[in-house]
Amino acid sequence: MNETQGPRPEPRPEQCPDERLDRLQRRLAEFAAARGWEPYHTPKNLAVALSVEAAELVEIFQWLTPEQSAKVMEKPETAHRVADEVADVLAYLLQFCEVLGVDVLDALAAKIERNELRFPVAGTPTPNRHSSE
C-alpha cells in the first residue's frame, strides 16, 4: 500500500473481479447514455480518445529519469495525476470494448496464452507446431 493513496478498497467477497468490471462497464455506458453521448462513442472516436489519455499518462513520465519514474507514486500530486490518467485510459478501453463487443478479460487471457507460446521461458522445450496436426 502506498501511504499517499490510502488503503485500497477490498472487493466485497460476493463480487468477483469480473463482476466489478462488468458493473463499471455498465456505469460508463449509463453515464454516456444519460448525456446522449452514444453517437460520439464510435470505435474510431474511442480509439482516438484512448490514445490521447495514454499520451497524457506518458506526459507525466516524459522527462523523468528511470529512478524518478519509479518513485512517482510517492508524491501525492503526481500519484493523483497518474491514478486519474490510468482511470481515463481504462474507462475509454472499457467503452471501446463495449461498443465492439470485446470481452476485455477473455482477450487478455488469450493474448497471455499466445505470448507464453511465443516467448517460452529459457531452457524449456518449444512445442512442436506440427505434433497436433
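Calculation criteria
- Residues numbered from 1 in each chain as written.
- Predicted model: local features only at pLDDT ≥ 70, side-chain atom pairs only at ≥ 80, totals over all residues.
- Heavy atoms only, no water.
- Helix = DSSP H or I, 4+ residues; strand = E, 2+ residues; numbered from the N terminus.
- Buried < 20%, exposed > 50% of the residue type's maximum accessible area, 1.4 Å probe, protein only.
- Contact = heavy atoms within 4.5 Å.
- Areas by Shrake-Rupley, 256 points an atom, 1.4 Å probe, with all protein chains shown as cover.
- Lys, Arg positive; Asp, Glu negative; His and termini not counted.
- Salt bridge = Lys/Arg side-chain N within 4 Å of Asp/Glu carboxyl O.
- Phe/Tyr/Trp six-rings, centres within 6.5 Å; stacked < 30°, edge-to-face > 60°.
- Lys NZ or Arg CZ within 6 Å of the ring centre and 35° of its normal.
- Axes fitted to C-alpha atoms, helices over the stretch in contact; angles between N-to-C directions.
- Parallel < 35°, antiparallel > 145°, perpendicular 65-115°, else oblique.
- Nonpolar A, V, L, I, M, F, W, Y, C, P; charged D, E, K, R; others polar.
- Patch = residues over 30% accessible without salt bridge, like charges linked within 9 Å, V, L, I, M, F, W, Y side chains within 5 Å.
- Charge placed at Lys NZ, Arg CZ, Asp CG, Glu CD.
- Left-handed = near helix turned anticlockwise from the far one by under 90°.

**Student:** Honestly, the overall build of the protein in this entry has me stumped. Any pointers?
**Tutor:** Counting its secondary structure elements, the protein contains 5 helices and 0 strands. Moving toward the C terminus, one meets the helices and strands of the protein in the order α-α-α-α-α. Looking at the protein residue by residue over its 133 residues, the buried ones come to 15%. A separation of at least 24 residues holds for 64% of the contacts in the protein among residues at least 6 apart in sequence. Of the roughly 10,500 Å² of accessible surface on the protein, 58% is carried by carbon and sulfur atoms.

**Student:** What exactly am I supposed to notice about the side chain of Glu-53 here?
**Tutor:** Following the sequence through the fold, Glu-53 ends up in helix H2 (residues 43–61). For the buried residue Glu-53, which engages in no salt bridge, the nearest side chain bearing the opposite charge is Arg-81, 10 Å off. In this view, Glu-53 contacts Glu-85, Asp-88, Val-89 and Tyr-92; residues no more than four positions away in its chain are not counted.

**Student:** Would you mind going over the packing of aromatic side chains with me for this structure?
**Tutor:** Geometrically, a pair of aromatic rings is defined through the distance of the ring centres and the angle of the planes. What the rule picks out here adds up to 1 aromatic pair. Centre to centre, the rings of Phe-31 and Trp-37 are 5.5 Å apart; their planes meet at 70°, and the pair counts as edge-to-face. According to the relative accessible area criterion, Phe-31 is partly exposed, its value standing at 40%. The ring of Phe-31 has Arg-35 sitting right over it, with the charged end atom 3.5 Å from the ring centre.

**Student:** Honestly, the packing of helix H1 (residues 17–34) against helix H4 (residues 76–100) in this entry has me stumped. Any pointers?
**Tutor:** Each pair of packed helices can be described by the angle between their axes along with the distance between the axes. Interhelical geometry of H1 versus H4 gives an angle of 85° and a closest axis separation of 10 Å. Judged by the inter-axis angle, H1 sits roughly perpendicular to H4. Facing H1, whose interface residues are Leu-21, Gln-25 and Leu-28, H4 presents Ala-91, Leu-94, Gln-95, Cys-97 and Glu-98. Looking at the contact of H1 with H4 residue by residue, the classes come out as 5 nonpolar, 2 polar and 1 charged.

**Student:** Explain a negative patch on the surface to me, please; I cannot follow it from the model alone.
**Tutor:** Where like charges cluster on the molecular surface, the negative patch consists of Asp-18, Glu-19, Asp-22, Glu-98, Asp-103 and Asp-106. Among the elements that take part in the negative patch, H1 stands out by supplying 3 residues, more than any other. On the basis of relative accessibility, which here comes to 42%, the residue Asp-103 falls in the partly exposed class.

**Student:** Just to check I follow, could you spell out the packing of H2 against H4 for this structure?
**Tutor:** As a packed pair, H2 and H4 sit with axes 9 Å apart at the nearest point and diverge in direction by 160°. Classed by the angle they form, the pair H2 and H4 counts as roughly antiparallel. By crossing handedness, the relation of H2 to H4 is classed as left-handed. In contact with Pro-43, Leu-46, Ala-47, Ala-49, Leu-50, Glu-53, Ala-54, Glu-56, Leu-57, Ile-60 and Phe-61 of H2, H4 contributes Arg-81, Val-82, Glu-85, Val-86, Asp-88, Val-89, Tyr-92, Leu-93, Gln-95, Phe-96, Val-99 and Leu-100. Here the residues of the contact of H2 with H4 are counted per class, giving 17 nonpolar, 1 polar and 5 charged.

**Student:** How should I be thinking about the side chain of His-41 in this particular structure?
**Tutor:** Structurally, His-41 is set in the loop between H1 and H2. You can call His-41 buried: its relative accessible area is 18%. If sequence neighbours within four positions are ignored, His-41 has contacts with Ala-32, Leu-46, Gln-95 and Val-99.

By themselves, these are just geometric observations and shouldn't be taken as functional.
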